[in-house]
Amino acid sequence: MYRKIFYITCFFLLLCSSTIAQTDIPVQKELKIEAANKIDDTKKTQEGTSLNIPSVVDNPETNLNMTTRNPVKMVDDRNLVQAGYGMKIDPKAGPREPKEGSKQHFSDMYLGDVKSSGKFVGIVCRDHEYVDGDRVKIYLNDKVVDPNILLIGSFKGINLDLEPGFNRIDFEALNVGSSAPNTAQVDVYDDQGKLIYSNKWLLSTGSKATLIITKDSE
């Protein structure tokens, strides 16, 4: 009898402990994650305040040619004038011949060269401007052949024997007379009396005019 009661008591104790243990186990539930903002494809696109950027592909009228765009202007066109606007040009402007009495300095000048097959040449010169006492010294190959010639209105000069090859003739201005510069016309004649050269010079005191005469070989 007591044993039967003991078994019944143990059965109830095991049943109660089993029930308590099952209540301690947490029940697992399935987690369902839904979209926070579900997109409804059936609705029309809402027009907000976002920027409207034109599509280059969809809009064929979009102009990509940079050269046709108006450049940025830093100065108002109304304040611009054509270069030279308002300039007055002197119709007399241009190269001018030096005048008698000019204080301009006239340096050495090269008169050019001439050929001659004669044994000698005749060198004559004169003051082709205002006769004011101009004087010159004549050299042949760096040797003085006439130390002082007064230039007058008519030609005067000397004969010079030519050496084979180059013959250098220098006319040095000794002064400028009463009206600068030293002015003269020089003519060259061959040994047959034929004019083969003519030129003019404008020199300041101490300047030289140089002429080269080449004697051809016989």
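Sequence positions are assigned chain by chain, starting from 1 and proceeding in written order. Note on the predicted model: pLDDT of at least 70 is required for a residue's local features to be given, and 80 or more for side-chain atom pairs to be given and counted; whole-chain, interface and lining totals, by contrast, use all residues. Heavy atoms from the whole structure form the basis of all side-chain values; hydrogens and water molecules are not counted.

## Focus: the pairing of strand β9 (residues 208-215)
So the rule is basically this: Under the scheme applied here, a residue whose accessible area is under 20% of the maximum for its type counts as buried, over 50% as exposed, and between as partly exposed, the area being computed with a 1.4 Å probe on protein chains only. For helices the rule is a DSSP run of H or I covering at least 4 residues; for strands it is a run of E covering at least 2, with both sets numbered from the N terminus onward. In this scheme, strands are said to pair when DSSP sees at least two bridges between them.
β9 sits mainly inside the fold: seven of its eight residues count as buried. Looking at chain direction, strand β6 (residues 165-173) and β9 are connected through eight bridges and run antiparallel. For D170, the partnering residue across the bridge sits in β9 and is T210.

## A look at the sheet that holds β6
Note: strands within a sheet are paired through backbone hydrogen bonds, in either parallel or antiparallel orientation. Let me state the cut-off plainly: Angles here are taken between N-to-C directions and fall from 0 to 180 degrees, while the axes themselves are lines fitted to C-alpha atoms, restricted in helices to the stretch in contact.
Here five strands make up an open sheet; going across it, the order is β1-β9-β6-β3-β4 and the pairing mixed. Since the sheet does not close on itself, it has two edges, and those belong to β1 (109-116) and β4 (143-150), each with one partner. With strand direction ignored, the average angle separating the axes of adjacent strands in the sheet is 20°. Judged from the five bridges that link them, strand β3 (residues 135-140) and β6 form a sheet pairing that is antiparallel. Looking across to β6, one finds that Y139 is bridged to D170.

## Some words on the pattern of salt bridges
For clarity, the cut-off: Criterion for a salt bridge: a side-chain nitrogen of Lys or Arg within 4 Å of a carboxyl oxygen of Asp or Glu.
Counted under the stated rule, the structure contains one salt bridge. Residues D170 and R168 are paired through a salt bridge, measuring 3.1 Å at the closest nitrogen-oxygen approach.

## Thoughts on the confidence of the model for the protein
Low-pLDDT portions of the prediction should not be read for the details of their coordinates. As a reminder, the rule being used: Residue-level confidence of the predictor is summarised by pLDDT, bounded by 0 at the bottom and 100 at the top. Whether two residues touch is decided by their heavy atoms; if any such pair falls within 4.5 Å, the residues are in contact.
Confidence along the protein averages 74 in pLDDT terms, with 52% of residues attaining 70 or more. Here residues 71-101 scores under 50 on pLDDT; set against residues more than four positions off or in separate chains, the count is 17 contacts.

## As for the environment of K215
With respect to the element layout, K215 can be found in strand β9. The exposure class assigned to K215 is buried, which follows from its relative accessible area of 13%. Along the primary structure K215 and G165 are separated by 50 residues, whereas in three dimensions their C-alpha atoms are 5.1 Å apart. Excluding its chain neighbours within four sequence positions, the residues that come into contact with K215 are S116, G118, K119, L162, E163, P164, G165 and N167.

## Looking at the packing of aromatic side chains
Using the following cut-off: Aromatic contacts are taken between Phe, Tyr and Trp rings whose centres are within 6.5 Å, Trp giving its six-membered ring; a plane angle under 30 degrees counts as stacked, one over 60 as edge-to-face, and the others as tilted. For a ring to carry a charge above it, either NZ of a lysine or CZ of an arginine must fall within 6 Å of the ring centroid while also lying within 35 degrees of the normal to the ring plane.
All chains considered together, the criterion is met by one aromatic pair. The aromatic ring of Y139 is capped on one face by K208, whose charged end is 4.6 Å from the ring centroid.

## Structural notes on the sheet that holds strand β8 (residues 195-203)
Overall, antiparallel pairing links the four strands, which are arranged β5-β2-β7-β8 in an open sheet. In the strand order of this sheet, the two ends are held by β5 (156-161) and β8, each with one partner. When strand polarity is set aside, the average angle formed by the axes of neighbouring strands in this sheet is 20°.

## Looking at unusual backbone geometry
The amide bond that connects A180 to the next residue, P181, takes the cis arrangement and shows omega of 0°. For P181, the position within the fold is in the loop between β6 and β7 (182-189). One non-glycine residue, N141, lies in the positive phi region at around 50°. Take N141: it is sitting in the loop between β3 and β4. Unlike most non-glycine residues, D142 shows phi in positive territory, near 70°. Along the chain, the position of D142 falls in the loop between β3 and β4.

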